[in-house]
Amino acid sequence: MEERCIENPFLGDISNSSPVTSERTLESLLTKQLHQIHSNVLIDLENDLRHNQPNINDDDTVYTGIAGLCFYYLNKYVKDNNDTQALQTCKEIYNQIITDTNTADNNKRKKKKKRITFLHGVNGLLTIGIILHSIDNNVNDFVNLLNQLQSQCTEIVDNLEDQYPFEILFGKCGYLQCLILIKRYCRTFLNGNVESKNLLDQSIELLIMDIVQNGRDYPYETESPLMYEWHESQYLGGIHGLSGILYMLMCAIESLDLDTAKRIPIDKDIQDSLDFLMGTMLPSGNFPSRPQNKNDRLVQFCHGAPGVIPTLVKAYSYFNKNPKYLDCAIKSSNAIWKHGLLVKGSGICHGISGNAYSFLLIYKESKDPIWLFKTLAFVKLLLTQSFFKLLNTPDNPYSLFEGVGGLAYLLNDLMNLYQSKDAYLPQIQFPSY
Ligand SMILES: [Zn+2]
């Protein structure tokens, strides 16, 4: 694990039970001075991001492409409705992508495998378009695009050619993620458009039932009531595995008024699957990429503790603040504090910004300033030039999930936290979750 990360220089400063932490109040951590530093960095970062995006032929995804920047500005607006400049920029980027798509090399783009997910598929951009039309109250355009998205649902559920796995990056849960985000971001609009809301709810329910049933019917040996495979392996992490799938199931159920008779047995299976997942924790607090694999190597969102913690924090609020989930998240975060300063870079999926979200999410539920201290410690290092130089340059250095786009997303959350303090906490989610 050591060669994958840089030693945390703050390790000696605190331990979870250190008296130092009680002296670190929210106010002393969220200082005006830090706010100023972060504002300036964010302005520079946004300029860099705007000028260094790939073109539509190369990458149109949220994960590594231009749609990620569009999603960044959309969030910036949604989280601060006064930031109309962010909305304007989001629309400019979206319209540019749509124009470019019409003139793009379609042969090149069509060669890519059928891509149905929010993060890695064409449906990411489609979802952003749907949300933008709801903001502008363009009912016809909203319905038009929503139909394009929903018309895929039956084929995805039936999966006749066996081409869709269940994980988030390429599979059914990545399609479900689109529908969940629309429910969340278009709530007010949907309240006034009941027909669209009902259709959306039907699709979400269809997917929940399909994903749960397939998880129960998993034909190979497992102790988990729900299990899935990606590339013929039982993955556990956030992006290809059980943790991400359980997260999406909880969000999907929460977004519906699901019949109690249906919900109770599903909740039981989710709960027991979470118990199984927690049981795979390694002595360091990290999680293996697969249950059979006891190798304690990867501490990143796609494989390891940073991909399980958002699910545990979600389970804590979903299952009536059952403390076992938050306790497990806290224990697991030790691995990130020790080994989470990845040389892979600053990204969300396998980088330091994504890892810092584990601390921020624990802060969201516990409100203990130590978690904010840990988040800010990682950010402080990322903003230190001599430290940043030690990091490798990712394949997509300006992207949301691999590059500095992830850092901008994190800084934006922190700036809003400075301004609105704990009132902002409900808005904090792992990016796109
Ligand atoms: Zn990754």
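Residues numbered from 1 in each chain as written. Predicted model: local features only at pLDDT ≥ 70, side-chain atom pairs only at ≥ 80, totals over all residues. Heavy atoms only, no water.

Student: Whenever I open this one, the overall build of the chain confuses me. Can you help?
Tutor: Counting its regular elements, the chain contains 20 helices and 0 strands. Across its three principal axes, the chain shows a C-alpha extent of roughly 55 × 50 × 40 Å. Looking at the chain as a whole, 60% of its 433 residues qualify as buried. In the chain, once contacts between residues fewer than 6 apart in sequence are set aside, the share between residues at least 24 apart is 70%. Treating the 39 positive side-chain charges of the chain as one cloud and the 48 negative ones as another, the clouds have centres 2 Å apart. (Helix = DSSP H or I, 4+ residues; strand = E, 2+ residues; numbered from the N terminus. Buried < 20%, exposed > 50% of the residue type's maximum accessible area, 1.4 Å probe, protein only. Contact = heavy atoms within 4.5 Å. Lys, Arg positive; Asp, Glu negative; His and termini not counted. Charge placed at Lys NZ, Arg CZ, Asp CG, Glu CD.)

Student: Before we go on, may I ask you to explain the packing of aromatic side chains in this structure?
Tutor: Ring pairs (aromatic) are described by centroid distance and by the angle formed between their planes. In this structure the tally under the stated criterion is 22 aromatic pairs. For the ring pair Tyr63 and Phe401, a centre distance of 5.3 Å and an interplane angle of 25° mean the geometry is stacked. Pair noted here: Tyr63 is in the loop between helix H3 (32-51) and helix H4 (66-79) and Phe401 is in the loop between helix H19 (385-388) and helix H20 (405-420), with a separation of 338 residues, a long-range link. With respect to class, Tyr63 is no different from Phe401; both count as buried. (Phe/Tyr/Trp six-rings, centres within 6.5 Å; stacked < 30°, edge-to-face > 60°.)

Student: I would appreciate a short explanation of the packing of helix H10 (residues 172-185) against helix H13 (residues 242-254) in the present structure.
Tutor: The packing of two helices is summarised by the inter-axis angle and the distance between the axes. Contact geometry of H10 with H13 gives a least axis separation of 10 Å together with a crossing angle of 35°. Crossing handedness for the pair H10 and H13: left-handed. Contacts from Cys173, Leu176, Gln177, Ile180 and Arg184 in H10 reach Ile245, Met248, Cys251 and Ala252 in H13. Counted by class, the contact of H10 with H13 contains 7 nonpolar, 1 polar and 1 charged residues. (Axes fitted to C-alpha atoms, helices over the stretch in contact; angles between N-to-C directions. Left-handed = near helix turned anticlockwise from the far one by under 90°. Nonpolar A, V, L, I, M, F, W, Y, C, P; charged D, E, K, R; others polar.)

Student: How do you make sense of unusual backbone geometry when you look at a structure like this?
Tutor: A positive phi angle is found at Asp162, which is not glycine, with a value near 55°. As for its placement among the helices and strands, Asp162 is situated in the loop between helix H9 (153-158) and H10. Although it is not a glycine, His231 adopts a positive phi angle of roughly 50°. Position of His231 relative to the elements: it lies in the loop between helix H12 (194-216) and H13. Among the residues examined, His231 registers a relative accessible area of 64% and is labelled exposed.

Student: So what exactly am I meant to see when it comes to the pattern of salt bridges here?
Tutor: Opposite charge on two side chains allows them to pair when their charged atoms are near. Under the criterion given, the structure shown has 15 salt bridges. Notably, a salt bridge pairs Lys183 with Asp201, separated by 2.6 Å at the nearest N-O pair. One end of the pair, Lys183, is in helix H10; the other, Asp201, is in helix H12, with 18 residues separating them in the sequence. Asp267 serves as the salt-bridge partner of Arg263, at 3.0 Å between the closest nitrogen and oxygen. Placement of the pair is Arg263 and Asp267 together in helix H14 (residues 260-279), with a separation of 4 residues, close to one helical turn. Overall, Arg263 belongs to the partly exposed group, its relative accessible area being 25%. (Salt bridge = Lys/Arg side-chain N within 4 Å of Asp/Glu carboxyl O.)

Student: It is not clear to me how the coordination of the zinc ion should be interpreted in this structure. Could you clarify?
Tutor: The textbook angles at a metal center are 109.5 degrees for a tetrahedron of four donors and 90 or 180 degrees for an octahedron of six. Here the zinc ion is held by Cys302 (SG), Cys349 (SG) and His350 (ND1), and the distances to it run 1.9 to 2.3 Å. The sequence pattern formed by the donor residues of the zinc ion is C-x46-C-H. Grouping residues by exposure puts Cys349 and His350 together as buried. (Donors = N, O, S within 2.8 Å, 3.2 Å for Na, K, Ca; no water.)

Student: Which parts of the structure should I look at to understand the nonpolar core?
Tutor: In globular proteins that are soluble, nonpolar side chains generally tend to be buried together. By size, the foremost hydrophobic cluster in this structure holds 150 residues, and its most contacted members are Ile270, Leu372 and Leu417. Here Ile270 is in contact with Leu226, Leu246, Leu249, Met250, Ile253 and Phe319, once residues within four sequence places are set aside. (Core = buried A, V, L, I, M, F, W, Y, C linked by side-chain atoms within 4.5 Å.)

Student: Even after reading the chapter, I still don't get the UniProt feature "transmembrane region" (unreviewed entry) in the chain, so can you show me in this structure?
Tutor: According to UniProt, the "transmembrane region" (unreviewed entry) feature falls on residues 116-135. Summarising residues 116-135: 70% helix, 0% strand, and an end-to-end C-alpha distance of 24 Å. (UniProt positions renumbered as here; feature names shortened; annotations may be inferred.)

Student: Mind showing me how you'd approach helix H16 (residues 323-339) here?
Tutor: Because each turn of an α-helix spans 3.6 residues, side chains separated by three or four positions in sequence point in the same direction. Taking 1.5 Å per residue, 17 residues should reach 24 Å; H16 reaches 25 Å between its end C-alpha atoms and fits that length. Against the buried residues of H16 lie H14, helix H15 (305-318), helix H17 (352-366) and helix H18 (369-382). (Expected span 1.5 Å × (residues − 1).)

Student: Could you clarify how one ought to interpret the packing of H10 against H12 in this entry?
Tutor: Packing of H10 against H12 leaves a shortest axis separation of 10 Å and a crossing angle of 150°. Taken together, H10 and H12 sit at an angle that is classed as roughly antiparallel. Judged by the twist between their axes, the crossing of H10 over H12 is left-handed. Judged by residue contacts, Lys172, Cys173, Tyr175, Leu176, Leu179, Ile182 and Lys183 of H10 engage Lys197, Leu200, Asp201, Ser203, Ile204, Leu207, Asp210, Ile211 and Asn214 from H12. Looking at the contact of H10 with H12, its residues break down into 9 nonpolar, 2 polar and 5 charged. (Parallel < 35°, antiparallel > 145°, perpendicular 65-115°, else oblique.)

Student: Explain the environment of Tyr357 here, please?
Tutor: In this structure, Tyr357 sits in helix H17. A polar contact is formed between the side chain of Tyr357 and the backbone oxygen of Tyr409, at a distance of 3.4 Å. (Polar contact = N/O pair within 3.5 Å; in protein donor to acceptor, adjacent residues only side chain to side chain.)

Student: So what exactly am I meant to see when it comes to the side chain of Asn75 here?
Tutor: Mapped onto the elements, Asn75 comes out in helix H4. Residue classification places Asn75 among the buried residues on the basis of a relative accessible area of 3%. When sequence neighbours within four positions are dropped, the list of residues in contact with Asn75 reads Tyr185 and Tyr409.

Student: Help me understand the environment of Cys186 in this model?
Tutor: Assignment of secondary structure puts Cys186 in the loop between H10 and helix H11 (187-191). Overall, the relative accessible area of 1% leaves Cys186 in the buried class. In sequence terms Cys186 and Ser332 are 146 residues apart; their C-alpha atoms lie 34 Å from each other.

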